[in-house]
Amino acid sequence: MTSILYLGGTGTISAACVRRSIERGHDVTVVNRGSARRALPDGVTVISADIHDAAALTSALGGREFDTVADFLSFTPADLERNLGVFEGHTGQYVFISSASAYQKPPAQLPITEQTPLENPFWQYSRDKISCEELLFGAHRERGLPVTVVRPSHTYDEQSIPTLGGWTDIARMRDGRPVIVHGDGTSLWTITHSDDFAVAFTGLVGRSEAIGEAYTITGSHAPTWNQIYGWLADAAGVSSPELVHVASDAIAALTPEIGPTLLGDKAHSIVFDNSKVQALVPEFTTTITFDEGARRILAYYDSHPEAQVVDADRDAQFDRLAAYAAAADK
């Protein structure tokens, strides 16, 4: 039995990994501050601590050591250095969740592999993840830190709507109002269900071959954005959604908070080669495509009215973008 500590454990990706770890018979512990976004399965040990307080975390752990520590909560080198101060020397494998958005944008060629350069001039989040990787692999070379890096791309579950507006887009569809789609909607976007991701992730846990290595975990499903929005509309019972296409640069200029993630990731056709992780975890494959994923999302939201929250600011931004597109067409 492998002992695994999840830093996080209730997020979109980590919750699925916790569930699969339990299913595989691992001894699973989760650290969070008690505000679980997703229910934890029976059998999980929960430690309540502030991950940002190294002394409090160390005290809460009480000297326990783990075969694997899975870090879903480090986003900057400062985060990482704090956590390494707690866990280095107390685990046989430190798994860092990086991001496939760290790969070169725009990509010089497809598919993206682990040899694709890490460079993203558009998004600070991605540059911070790159810096974290540099820190970790430096520590691996210099002092043998047993690190494994994984790079997920757009991973979702039934609670996460993978569009610019989330539930606001669904509400607009159902109201017969225009929904903004970046570009012309024909770029390819790799989208992965968290349950599929968890197969690859847990397959790397405890594997000595994975130490000192980085792995893309994304699956092979790469529909167009028009298909993604169309499947959501179908699941929402909307037969003819009004999809308004706006250039990504224009969206970034008119809604600056969307700009980095759009220009630094979603604006480009993105397809990945997962052969490296599949060599170690051959059972990893795409089993849930987004036509099914969209049905699961709408089933969840329609049964949870409290989750149907329209973002008033984003809604107003979409109105302005729709007006901009209409004026540009005249």
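As shown above, the structure is provided for reference.
Residues numbered from 1 in each chain as written. Predicted model: local features only at pLDDT ≥ 70, side-chain atom pairs only at ≥ 80, totals over all residues. Heavy atoms only, no water.

Engineer: I tried to follow the overall build of the protein on my own but got confused; where do I start?
Structural biologist: Counting secondary structure elements, the protein contains 12 helices and 11 strands. In summary, the protein has a C-alpha radius of gyration of 20 Å against a globular reference of 20 Å for 330 residues, a match within 12%. Overall, the C-alpha framework of the protein stretches about 65 × 45 × 35 Å when taken along its three principal axes. With 330 residues in all, the protein has 55% of them scored as buried. When contacts within the protein are restricted to residue pairs at least 6 apart in sequence, those whose partners lie at least 24 apart make up 76%. Put simply, the protein shows about 13500 Å² of open surface, and 49% of that area lies on carbon and sulfur atoms. Positive and negative side-chain charges of the protein, numbering 25 and 42 respectively, have mean locations separated by a distance of 1 Å. (Helix = DSSP H or I, 4+ residues; strand = E, 2+ residues; numbered from the N terminus. Rg over C-alpha atoms; globule rule 2.2 N^0.38 Å. Buried < 20%, exposed > 50% of the residue type's maximum accessible area, 1.4 Å probe, protein only. Contact = heavy atoms within 4.5 Å. Areas by Shrake-Rupley, 256 points an atom, 1.4 Å probe, with all protein chains shown as cover. Lys, Arg positive; Asp, Glu negative; His and termini not counted. Charge placed at Lys NZ, Arg CZ, Asp CG, Glu CD.)

Engineer: Can you help me understand the pairing of strand β1 (residues 3-7) in this one?
Structural biologist: Judged by how many residues are buried, β1 sits mostly within the fold: five of five residues are covered. Neither face of β1 is left uncovered, since the one carrying S3, L5 and L7 and the one carrying I4 and Y6 both have all their residues buried. With helix α1 (residues 12-23) bridging β1 and the parallel strand β2 (residues 27-32), this β-α-β connection has right-handed handedness. Pairing geometry for β1 and strand β4 (residues 68-71), over four bridges, is parallel. Considered in β4, the bridge of L7 is made with D71. (Right-handed = clockwise from strand over helix to strand, strands pointing away. Pairing = 2+ DSSP bridges.)

Engineer: When you look at the sheet that holds strand β5 (residues 94-97) in this model, what are you seeing that I'm missing?
Structural biologist: Through backbone hydrogen bonds, the strands of a sheet pair up, either in parallel or in antiparallel fashion. Here seven strands make up an open sheet; going across it, the order is β3-β2-β1-β4-β5-β6-β10 and the pairing parallel. Edge positions in the sheet fall to β3 (45-48) and β10 (213-217), since each has one partner strand and no second. Strand-to-strand, the axes of this sheet are offset by a mean angle of 20°, without reference to chain direction. The strands touched by helix α6 (residues 194-204) within the sheet are β1, β4, β5, β6 (147-152) and β10, with β10 carrying the most contacts at an inclination of about 165°. (Axes fitted to C-alpha atoms, helices over the stretch in contact; angles between N-to-C directions.)

Engineer: Is there a simple way to explain the nonpolar core in this structure?
Structural biologist: A general feature of soluble globular proteins is that nonpolar side chains tend to end up buried together. With 41 residues, the main nonpolar core has I170, I180, L232, V246, I251, F290 and I297 as its most contacted residues. For this core, the secondary-structure elements that each account for two or more residues are α5 (167-174), β8 (179-182), α7 (225-235), β11 (243-246), α8 (248-254), α11 (290-302) and α12 (312-329). Per-element tally for this core: the top contributor is α11, with six residues. Residues contacting I297, with those up to four places away along its chain left out, are Y156, D157, E158, S160, I161, P162, L232 and F290. Counting 28 residues, the second-largest nonpolar core is a separate cluster that includes Y6, I97, V150 and V277. (Core = buried A, V, L, I, M, F, W, Y, C linked by side-chain atoms within 4.5 Å.)

Engineer: Can you help me understand the pattern of salt bridges in this one?
Structural biologist: This structure, assessed with the given rule, holds 16 salt bridges. The salt bridge partner of E292 is R296, with a shortest N-O separation of 3.0 Å. Here E292 pairs with R296, and both are found in helix α11, just four residues apart, close to one helical turn. The exposure class assigned to E292 is partly exposed, which follows from its relative accessible area of 27%. Judged by relative accessible area, which is 32%, R296 ranks as partly exposed. (Salt bridge = Lys/Arg side-chain N within 4 Å of Asp/Glu carboxyl O.)

Engineer: Where do I start with the side chain of D169 in this structure?
Structural biologist: Tracing the backbone shows D169 in helix α5. For the buried D169, no salt bridge exists, and the shortest N-O distance to an oppositely charged side chain is 5.4 Å, to R172. Among all residues touching D169, those that are not within four sequence positions of it are T163, L164, V179, Y229 and F318.

Engineer: How should the packing of α7 against α11 be read in this particular structure?
Structural biologist: The relative placement of two packed helices is expressed as an angle between their axes plus a distance between the axes. The contact between α7 and α11 brings their axes to 8 Å, and the two run at 45°. Considered as vectors, α7 and α11 are oriented oblique to each other. Regarding α7 and α11, the two cross each other, and that crossing is right-handed. Contacts between α7 and α11 involve I228, W231, L232 and A235 from the former and F290, D291, A294, R295, I297 and L298 from the latter. Partitioned by chemical class, the residues of the contact of α7 with α11 number eight nonpolar, no polar and two charged. (Parallel < 35°, antiparallel > 145°, perpendicular 65-115°, else oblique. Left-handed = near helix turned anticlockwise from the far one by under 90°. Nonpolar A, V, L, I, M, F, W, Y, C, P; charged D, E, K, R; others polar.)

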